[in-house]
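Architecture and fold: a report
Below, each chain spelled out in residue letters.
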Amino acid sequence: QVQLVESGGGLVQTGGSLRLSCTASGFTFDYLAGGWFRQAPGKEREGVSCFRNDGSRYYRDSVRGRFTISRDNANNAVYLQMNSLKPEDTAAYYCATDLHDNCVPDDGDYWGRGTQVIVSS
């Protein structure tokens with residue numbers, strides 16, 4: 001099966017850290033653009049961080065300096081280290097491929113089922 005599975009979410013206090021993992025199976029993720037996205041209840045899904053095919057990395061302004069995206073090709077995985085978490089970071093976090101290489105994955109891409117991050121104040 002083609003799958004992306006996220007893990008590492010949880011409940012943390014403001015200022016805490018979490019490391020999200022996205023493990024792919026059924027395809028090779030290392031050469032593809034992709035990244036992390038999140039959606040809070042009642043809000044639109046928004047990009048958090050992404051890789052482009054040229055290796056460049058992008059971050060949402062509100063997480064820049066706090067979050068770091070990385071990948072481990074040997075394990076076919078992508079990670080998101082989240083530091084200095086804030087309540088506004090509370091959301092379901094998803095990883096996805098990005099076949100269009102524009103940091104805007106769509107239904108044609110592979111999506112994980114999400115992992116919940118809750119940051120208490």
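Since the model is a prediction, treat every value here as computed from it, not as a measurement.

What to know about the overall build of the protein
Across its full length, the protein holds zero helices and 10 strands. The order of helices and strands in the protein, counted from the N terminus, is β-β-β-β-β-β-β-β-β-β. In summary, the protein has a C-alpha radius of gyration of 13 Å against a globular reference of 14 Å for 121 residues, a match within 12%. Its C-alpha atoms give the protein principal-axis dimensions of about 40 × 30 × 25 Å. When burial is assessed residue by residue, the protein has 42% of its 121 residues classed as buried. Summarising the internal contacts of the protein: among those between residues at least 6 apart in sequence, 58% fall at separations of at least 24. On the protein, roughly 6400 Å² of surface is accessible, and the fraction owed to carbon and sulfur atoms is 45%. Once the 12 positive and 14 negative side-chain charges of the protein are each reduced to a mean point, those two points are 6 Å apart.

Re the pattern of salt bridges
What the rule picks out here adds up to six salt bridges. A salt bridge links R38 to E46; its shortest N-O distance comes to 2.7 Å. When its relative accessible area of 4% is taken as the criterion, R38 is described as buried. As a salt-bridge pair, D61 and R64 come within 3.1 Å of each other at their nearest N and O atoms.

Points about the environment of S56
Its place among the elements puts S56 in the loop between strand 5 (46-51) and strand 6 (57-59). Sequence separation between S56 and L4 is 52 residues; the distance between their C-alpha atoms is 21 Å. Residue contacts for S56: discarding those within four places in its chain leaves C50 and F51. A polar atom in the side chain of S56 sits 2.6 Å from the side chain of D54.

Considering the nonpolar core
Ranked by internal contacts, the top residues of the largest apolar core, which has 26 residues, are F29, W36, F67, L80, M82 and Y93. Ranked by residue count, the leading element in this core is strand 3 (residues 18-25), at four residues. Not counting residues up to four positions away in its chain, the partners in contact with Y93 are E6, L20, W36, F37, R38, V48, F67, L80, M82, G114, T115 and V117.

Quick look at unusual backbone geometry
We note that S84 has phi near 50 degrees; this positive angle belongs to a residue other than glycine. Here S84 lies in the loop between strand 8 (77-82) and strand 9 (91-97). A relative accessible area of 40% means that S84 is categorised as partly exposed. Although it is not a glycine, D101 adopts a positive phi angle of roughly 55 degrees.

Points about the sheet that holds strand 6
The sheet built from six strands is open, its strands ordered 2-10-9-4-5-6 with mixed pairing. Either end of the sheet is taken by a strand with one partner, and the two such strands are strand 2 (10-13) and strand 6. Recorded for the sheet is a direction-independent mean angle of 25 degrees between the axes of neighbouring strands. Across five bridges, the pairing between strand 4 (residues 34-39) and strand 5 is antiparallel. Pairing of R38 across the sheet is with E46, part of strand 5.

Rules behind the numbers
- Note that residues are indexed from 1 along each chain, following the sequence as it is written.
- Totals for whole chains, interfaces and linings use all residues, but because this is a predicted model, local features are given only for residues with pLDDT of at least 70 and pairs of side-chain atoms are given and counted only at 80 or more.
- In computing side-chain properties, one takes all heavy atoms of the structure into account and sets aside hydrogens as well as water.
- Labels follow the DSSP assignment, with helices taken as runs of H or I lasting at least four residues and strands as runs of E lasting at least two, numbered in each case from the N terminus.
- In this treatment the radius of gyration is a C-alpha quantity, and the globule benchmark scales as 2.2 Å times the residue count to the 0.38 power.
- In this scheme, a residue with accessible area under 20% of its type's maximum is buried, one over 50% is exposed, and one in between is partly exposed, where area comes from a 1.4 Å probe on protein chains only.
- The contact criterion used throughout is that any non-hydrogen atoms of two residues lie within 4.5 Å.
- Working definition of accessibility: Shrake-Rupley area with a 1.4 Å probe, residue cover restricted to the visible protein chains.
- Under the counting rule used here, the positive set is Lys and Arg, the negative set is Asp and Glu, and His together with the chain ends is not counted.
- Lysine's charge is taken at NZ, arginine's at CZ, aspartate's at CG and glutamate's at CD.
- In the sections that follow, a salt bridge refers to a side-chain nitrogen of Lys or Arg positioned within 4 Å of a carboxyl oxygen of Asp or Glu.
- Polar contacts, as used here, are pairs of N or O atoms within 3.5 Å; protein pairs need one atom able to donate a hydrogen and one able to accept it. Residues neighboring in sequence count only if both atoms are side-chain atoms.
- What we call a nonpolar core is a set of buried Ala, Val, Leu, Ile, Met, Phe, Trp, Tyr and Cys residues that are connected through their side-chain atoms within 4.5 Å.
- Only strands that DSSP links by at least two bridges are regarded as paired with each other.
- Note on geometry: axes are lines fitted to C-alpha atoms, helical ones only across the stretch in contact, with angles between N-to-C directions running from 0 to 180 degrees.

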